[in-house]
Amino acid sequence: MFVCYKPSDNVSLHDAIYSAKEGYVLVIDGKGETSHAYLGELLTRAAKAVGLKGIVIDGAVRDKEKLGALGFPVFAKGFVPNGPLKLGGGEINVTITCGDVTDNPGDLVVGDADGVTIVPRQQIEEVFLKAEKKLEYEKNRILEITLYEEKRKRGETQEQLKRK
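Residues numbered from 1 in each chain as written. Predicted model: local features only at pLDDT ≥ 70, side-chain atom pairs only at ≥ 80, totals over all residues. Heavy atoms only, no water.

1. A look at the side chain of E41
Thinking step 1. Relative to the helices and strands, E41 is located in helix α2 (residues 41-49).
Thinking step 2. Non-local contacts of E41, meaning those with residues more than four positions away in its chain, are made with D63, K66, L67 and L70. (Helix = DSSP H or I, 4+ residues; strand = E, 2+ residues; numbered from the N terminus. Contact = heavy atoms within 4.5 Å.)

Structure follows, in structure tokens:
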């Protein structure tokens, strides 16, 4: 977790990336700033090189095409061509707010094409159990829907697909 004190400043972001532990996700409170990018291709390459698994930032980034080509997950508020400022200031491994969500060091960060979610570390086991149960339900429901569709196409059913 990292907080920027001055909008668009990325001096401490360099420290956060170069001191990061392999396998972690960097979550940055960029204060929603979109006038300048906090990072671009170079810092993203560095994050990937040190073994980070992704970056989530409540702020803008740049180099959209190059970031996409890197195959490294970067979740940002938007893209802007203006580079970052070098003002100094910020903290690493502190409780932050990113996108109106409070994030603490050690929380689980999960992201995909639909967005990002933060799971408080004391709830990780509970959330995994619920997620596994939901995944099993969805797997079974997809099978039911697929079988219904196949029967319908063969003219073997006249009943409606039931909602669950």
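Continuing now.
2. As for helix α1 (residues 11-18)
Thinking step 1. All of the buried residues in α1 are S12, L13, A16 and I17. One face of α1 carries all of its buried residues, which in axial projection span an arc of 145 degrees. (Buried < 20%, exposed > 50% of the residue type's maximum accessible area, 1.4 Å probe, protein only. Arc of directions from axis to C-beta.)

3. Quick notes on the confidence of the model for the protein
Thinking step 1. Per-residue pLDDT for the protein averages 92, and the proportion of residues at 70 or more is 97%.
Thinking step 2. For the protein, per-element mean pLDDT is lowest for strand β1 (residues 2-3), which scores 60, and highest for α2, which scores 97. (pLDDT = per-residue confidence, 0-100.)

4. Some words on the pairing of strand β9 (residues 115-119)
Thinking step 1. Taken together, the five bridges between strand β8 (residues 108-112) and β9 define a ladder with antiparallel strand orientation. Counted as the bridge partner of L108 is V119 from β9.
Thinking step 2. Here β8 hands over to β9 after two residues, the two strands then running antiparallel side by side. (Pairing = 2+ DSSP bridges.)

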